[in-house]
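Architecture and fold: a report
Here's the letter readout for the chains.
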Amino acid sequence: MRLFRVAVVAGVFVYFTGSSQASTTYTYTGTNYVNIVDATPPSGSYTTSMNVTGSVTLTNALGPNSPLQFINDVETFSFSDGRILYTPQNSSVAIFFLATNAADTISRWDIELRIGGDPNGPHAAGDQGASLFVLFGISVDDNDRARFAQFIDPTHDGLDAADSAVGHPGTWAATPATGLGALGLLGWRRKRNNTV
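What comes next is a walk through the structure.

Some details on the overall build of the protein chain
Counting its regular elements, the protein chain contains two helices and twelve strands. Shown N-terminal to C-terminal, the secondary structure of the protein chain runs as helices and strands in the order α-β-β-β-β-β-β-β-β-β-β-β-β-α. With 196 residues in all, the protein chain has 36% of them scored as buried. Of the contacts made within the protein chain by residues no fewer than 6 positions apart, 61% connect residues no fewer than 24 positions apart. Accessible surface computed for the protein chain: about 10700 Å², of which carbon and sulfur atoms make up 58%.

Quick notes on the pairing of strand β5 (residues 74-80)
Both strand β3 (residues 53-58) and β5 contribute to a ladder of six bridges, which runs antiparallel. Bridge pairing in β5 places T57 opposite T76. Note that β5 and strand β6 (residues 85-86) share two bridges and pair antiparallel. In the strand pairing of β6, S80 is matched with L85. The antiparallel pairing of β5 with β6 creates a hairpin that spans four residues between the two strands, and G82 there sits at a positive phi of about 100 degrees.

Focus on the sheet that holds strand β9 (residues 128-136)
Strand order across the open sheet formed by seven strands is β2-β11-β10-β9-β8-β7-β4, with antiparallel pairing between neighbours. The sheet terminates laterally at β2 (33-37) and β4 (69-70), the two strands that pair on one side only. Note that β4 and strand β7 (residues 93-100) share two bridges and pair antiparallel. The residue bridging Q69 from the neighbouring strand is L98, located in β7.

Section: the environment of A99
Mapped onto the secondary structure, A99 falls in strand β7. Given the relative accessible area of 3%, A99 is considered buried. Residues A99 and P67 lie 32 residues apart in sequence; the distance between their C-alpha atoms is 5.0 Å. Among all residues touching A99, those that are not within four sequence positions of it are S66, P67, L68, T105, I106, S107 and R108.

Considerations on the side chain of S80
Summarising the element assignment, S80 is placed in strand β5. Apart from residues lying up to four places away in sequence, S80 is in contact with N51, V52, T53 and L85.

Digging into the nonpolar core
Core analysis: the biggest nonpolar cluster contains 28 residues, and F79, L98 and W172 have the highest contact counts within it. Of all the secondary structure elements, the ones that give two or more residues to this core are β1 (24-29), β3, β5, β7, β8 (106-115), β9 and β10 (144-151). Considering each element in turn, this core owes the most residues, five residues, to β8. When residues no more than four places from it in sequence are discounted, the contact partners of L98 are L58, L62, P67, L68, Q69, I71, I106, R108, W109, I111 and W172.

Let's talk about the sheet that holds β1
Overall, antiparallel pairing links the five strands, which are arranged β6-β5-β3-β1-β12 in an open sheet. In the strand order of this sheet, the two ends are held by β6 and β12 (171-176), each with one partner. Across six bridges, the pairing between β1 and β3 is antiparallel. Paired with T24 across the strands is L58, a residue of β3.

A look at the pairing of β8
Among the ten residues that make up β8, seven are buried, leaving the element largely enclosed by the rest of the structure. With eight bridges joining them, β7 and β8 adopt antiparallel strand pairing. Opposite T100, over in β8, you have I106 as the bridge partner. Here β7 hands over to β8 after five residues, with D104 in that stretch at a positive phi of 65 degrees. Bridge count between β8 and β9: seven bridges; the pairing is antiparallel. Note on β9: the bridge partner recorded for L113 is L132.

Reading guide: rules and limits
- Residues numbered from 1 in each chain as written.
- Predicted model: local features only at pLDDT ≥ 70, side-chain atom pairs only at ≥ 80, totals over all residues.
- Heavy atoms only, no water.
- Helix = DSSP H or I, 4+ residues; strand = E, 2+ residues; numbered from the N terminus.
- Buried < 20%, exposed > 50% of the residue type's maximum accessible area, 1.4 Å probe, protein only.
- Contact = heavy atoms within 4.5 Å.
- Areas by Shrake-Rupley, 256 points an atom, 1.4 Å probe, with all protein chains shown as cover.
- Pairing = 2+ DSSP bridges.
- Core = buried A, V, L, I, M, F, W, Y, C linked by side-chain atoms within 4.5 Å.

In structure tokens:
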């Protein structure tokens, strides 16, 4: 019985030391949009029942009291503005700046995702581009901003746009990828030793 206790303590120790260097997924749920702008083209519309949702998986957990910093160990991400899904496969720009508070919760963020080429051109009629900005703790008008444009000609575009309420950030939750596996291993060990 004494050896089993040592194994559990060692297992918990390995779990805690490994969690700061294990893949962690941070999930975001934004507030509903309050400002909607529609133009034709493009077809479709944002609504006030939509919001930004998504997740980003980092190779290393951020840890508590991390300053706002550029994140260069993104393994994958998936964000939706309610109409358009941004992933590594379709995004031409993906920039993540994140910070945490003492409770190890993301407290400031600056995320920019883009599909398509440079929004400043050059463009041809029919070109489409989408941008998603998710900001908090960065400037006085921080909010979630979705933009989808289709160019009528090389210089004029139609724009569908949506903004969340300024100063009303969404919420973040973190899930360690390997921490749950380690807890499962402890449960398996406990069950195995009880049956022997």
